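Take a look at the letters that make up each chain.
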Number of protein chains: 2
Amino acid sequence: MENLHCGVSPIVGFRFTLNPMTDDFVAVIKGALEEVDTSTVWMHTDDVSTVIRGKQVHVFNVAKALALHAAKTGVHVALNGTFSAGCPGDTTGDAFLDKPDEPLNNDPTKQYVSSQFALYPMNNPDYMSVIYREVERAKERGVFNESMHYASGIHGDIHDVFDFYEETFTHARSEEHRHLVMTVSMSINSPSHGGK
Amino acid sequence: MENLHCGVSPIVGFRFTLNPMTDDFVAVIKGALEEVDTSTVWMHTDDVSTVIRGKQVHVFNVAKALALHAAKTGVHVALNGTFSAGCPGDTTGDAFLDKPDEPLNNDPTKQYVSSQFALYPMNNPDYMSVIYREVERAKERGVFNESMHYASGIHGDIHDVFDFYEETFTHARSEEHRHLVMTVSMSINSPSHGGK
Ligand SMILES: [Ca+2]
């Protein structure tokens, strides 16, 4: 029952599970976590998920690099996670905000991904307008797939998809409404994708 | 840009991915979807996730039954999903609200699960109080595991864990604040759980 107020830290966080659908799942997860440069983010893994925290640019860069690295094994992989900013009291680990802005993982390999996302702008009476505006942005960016209950489908090349997610995460929060949550569920190398 | 207002439908929804970490993932997923009685919910599966919608009691009952069925294969399985109620305009498929209240899946097999959850009461200025209150509830119910960034750890027998999730989902929304979102990430048969 400590602090019931929202923080003002610029830290962005992403708590996720990377699930390779293979008997060798441990090797795929460890390979991704070891070979991606995660030195720009605070990272912790427990028995259910992994969380990374730091500057927004690095959190999205590391998330994409982990997904891409796992994808290159050819295994069917699911990435499920929640991006958060602005609340509550997200203050420890601020040292990572001193990191330079240059992203360290720059593998340009193309990879088709199909995903779904939902935006939850907290304590914002106008939140539905924010959501509709960001779905329009997805259509403009050419990554919109389809509408559905509780989420929107986003697909295309992994770089275009992550560019959209980072852009929409930036625009869906404001100085007045700092606490933003975005869930993303991503499927890669799925047998449903017809070899894409 | 249709309806920007929240609906008043009592429908509860759960959009999820069930990810068995095995080469035989298709068989595990299909086995769960086929052998669980899902006749009480509206269900749709696409290339990324599955959504079930209906009365709250049935949505939680089917979600638990799918997880338990997959768990009994002995495979390491991750269940990631979002429960939603109250918004936006969740109106089609209301026929399923005519179903009797008796849950149809009643396998009492015990199964240890470790999970993490986050509550997002939408458009509620007092949402942090709701979150802290529900974490206290987890402690009272004996299923609280640990605090962490952006989530809370909940573990124990699958039946106790799902009982908690359904109870907290009921209490974290109100007539005044109908739109509630709850994310759950669950790990079953994990090598990190020491054979539990
Ligand atoms: Ca997953």
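Rules used in this analysis
- Residues numbered from 1 in each chain as written.
- Chains lettered and ligands numbered in written order.
- Predicted model: local features only at pLDDT ≥ 70, side-chain atom pairs only at ≥ 80, totals over all residues.
- Heavy atoms only, no water.
- UniProt positions renumbered as here; feature names shortened; annotations may be inferred.
- Helix = DSSP H or I, 4+ residues; strand = E, 2+ residues; numbered from the N terminus.
- Core = buried A, V, L, I, M, F, W, Y, C linked by side-chain atoms within 4.5 Å.
- Buried < 20%, exposed > 50% of the residue type's maximum accessible area, 1.4 Å probe, protein only.
- Contact = heavy atoms within 4.5 Å.
- Pairing = 2+ DSSP bridges.
- Donors = N, O, S within 2.8 Å, 3.2 Å for Na, K, Ca; no water.
- Salt bridge = Lys/Arg side-chain N within 4 Å of Asp/Glu carboxyl O.
- Phe/Tyr/Trp six-rings, centres within 6.5 Å; stacked < 30°, edge-to-face > 60°.
- Lys NZ or Arg CZ within 6 Å of the ring centre and 35° of its normal.
- Buried area = accessible area lost by both parts, 1.4 Å probe.
- Polar contact = N/O pair within 3.5 Å; in protein donor to acceptor, adjacent residues only side chain to side chain.
- Axes fitted to C-alpha atoms, helices over the stretch in contact; angles between N-to-C directions.

Chemist: How would you summarise the UniProt feature "domain: Thiamin/hydroxymethyl pyrimidine-binding YkoF putative" (unreviewed entry) in chain A if you had to cite specific residues and measurements?
Modeler: Per the UniProt record, "domain: Thiamin/hydroxymethyl pyrimidine-binding YkoF putative" (unreviewed entry) is annotated on residues 11-90 and 114-192 of chain A. End C-alpha atoms of residues 114-192 of chain A are separated by 10 Å, and the span's content is 37% helix alongside 37% strand.

Chemist: Describe the nonpolar core, and please don't skip the residues or the numbers.
Modeler: By size, the foremost hydrophobic cluster in this structure holds 60 residues, and its most contacted members are F83, Y165, M182 and M186 of chain A. Ignoring anything within four residues of it in the chain, the contact list for Y165 of chain A reads F60, S115, Q116, F117, I154, M182, V184 and M186 of chain A. Of all hydrophobic cores here, the second largest spans 43 residues; its members include F14, A65, V113 and V184 of chain B.

Chemist: A description of the pairing of strand β5 (residues 112-121) of chain A should follow, citing residues and the corresponding values.
Modeler: Residue and element names in this part refer to chain A. Counted residue by residue, β5 has 10 buried out of 10 residues, so it is predominantly covered. Residues Y112, S114, Q116, A118 and Y120 of β5 are buried on one face, and the alternating residues V113, S115, F117, L119 and P121, pointing to the opposite face, are buried as well. Pairing analysis gives 6 bridges linking β5 to strand β7 (residues 151-157), with the strands arranged antiparallel. Across the sheet, the residue bridging to S114 is H155, located in β7.

Chemist: Before we move on, can you summarise the coordination of the calcium ion with the specific residues and values?
Modeler: Coordination of the calcium ion by the protein is provided by N19 of chain A (OD1), N80 of chain A (ND2), N19 of chain B (OD1) and N80 of chain B (ND2), with metal-donor distances spanning 2.2 to 2.5 Å. A residue pair is termed long-range when its members are at least 10 positions apart, and N19 of chain B in strand β1 (residues 12-20) and N80 of chain B in strand β4 (residues 77-85) qualify at 61 residues. Assigned by exposure class, N19 of chain B and N80 of chain B land together as buried.

Chemist: Before we move on, could you go through the pairing of strand β6 (residues 144-148) of chain B and cite the residues and values that matter?
Modeler: Residues and elements named next belong to chain B. As defined by bridge partners, β6 adjoins strand β7 (residues 151-157) across 4 bridges and the pair is classed as antiparallel. Each residue of the ladder has a partner; that of M148, found in β7, is A151. The turn joining β6 and β7, which pair antiparallel and follow one another in sequence, is formed by 2 residues; a positive phi near 70° is taken by Y150.

Chemist: Explain the pattern of salt bridges to me, using residue names and the numbers behind them.
Modeler: Between side chains of opposite charge, pairing is possible as soon as their charged atoms come close. Residue and element names in this part refer to chain A. According to the stated counting rule, one finds 18 salt bridges over all chains in the structure shown. Across the pair E167 and R137 runs a salt bridge whose closest N-O atoms are separated by 3.0 Å. With a gap of 30 residues between them, E167 in helix α4 (residues 158-171) and R137 in helix α3 (residues 127-141) connect regions that are remote in the sequence. The network of salt bridges with common partners includes R133, E134, R137, R141 and E167.

Chemist: Lay out the packing of aromatic side chains in plain terms, naming residues and giving numbers.
Modeler: Under the defined criterion, the tally for this structure stands at 17 aromatic pairs over all chains. Taking the centre distance of 5.6 Å and the plane angle of 50° together, the rings of F164 of chain B and Y165 of chain B count as tilted. Y165 of chain B sits in the buried class, given a relative accessible area of 1%. An aromatic cluster is built from F14, F16, F60, F83 and F169 of chain A, whose rings are joined through pairwise contacts. Here R53 of chain A stacks its cationic end above the ring of W42 of chain A, 4.9 Å away from the centre of that ring.

Chemist: How would you explain the interface of chain A and chain B if you had to name every residue and give the values?
Modeler: Interface size, as often reported, equals the accessible area lost upon joining of the parts. At the junction of the two partners, chain A supplies 60 residues and chain B supplies 60 residues. Contact between chain A and chain B buries roughly 4800 Å² in total, counting both sides, with carbon and sulfur atoms accounting for 60%. Counting the contacts that link chain A with chain B gives 0 salt bridges. At the surface where chain A touches chain B, the tally comes to 19 residue pairs in polar contact (both at pLDDT 80 or more). Every element with two or more residues in the side of chain A that touches chain B is listed here: β1 (12-20), β3 (50-54), β4 (77-85), β5, α3, β6 (144-148) and β8 (180-188) of chain A. When residues of the side of chain A that touches chain B are assigned to their parent elements, the largest contribution, 7 residues, is made by β1 of chain A.

Chemist: Before we move on, could you go through the side chain of H76 of chain B and cite the residues and values that matter?
Modeler: Tracing the backbone shows H76 of chain B in the loop between α2 (56-71) and β4. A polar atom in the side chain of H76 of chain B sits 2.9 Å from the backbone oxygen of I188 of chain B. If we skip the residues at most four places from it in the chain, H76 of chain B touches F25 of chain A together with N19, P20, M21, S187, I188, N189, S190 and P191 of chain B.

Chemist: Just give me the short version of the side chain of S187 of chain B, but keep the residues and values in it.
Modeler: Looking at where S187 of chain B falls in the secondary structure, it is placed in strand β8 (residues 180-188). Setting aside residues no more than four positions away along its own chain, S187 of chain B makes contact with D47 and V48 of chain A together with H76, V77, V113, S114 and H193 of chain B.

Chemist: Please provide a residue-by-residue account of the sheet that holds β6 of chain B, values included.
Modeler: Residue and element names in this part refer to chain B. Reading across the sheet, the 8 strands line up as β2-β3-β1-β4-β8-β5-β7-β6 and stay open at both edges, with antiparallel pairing between neighbours. Each of the sheet's edge strands pairs with one partner strand only, and the pair in question is β2 (42-45) and β6. Each strand axis lies, on average, 20° off the axis of its neighbour in the sheet, ignoring direction. Note that β1 and strand β3 (residues 50-54) share 5 bridges and pair antiparallel. Counted as the bridge partner of G13 is R53 from β3. Sitting on the sheet, helix α3 (residues 127-141) touches β5 (112-121), β6 and β7, and the angle it makes with β5 is about 160°. Relative to β7, helix α4 (residues 158-171) is tilted by about 135°, and along the sheet it contacts β1, β4, β5, β7 and β8.

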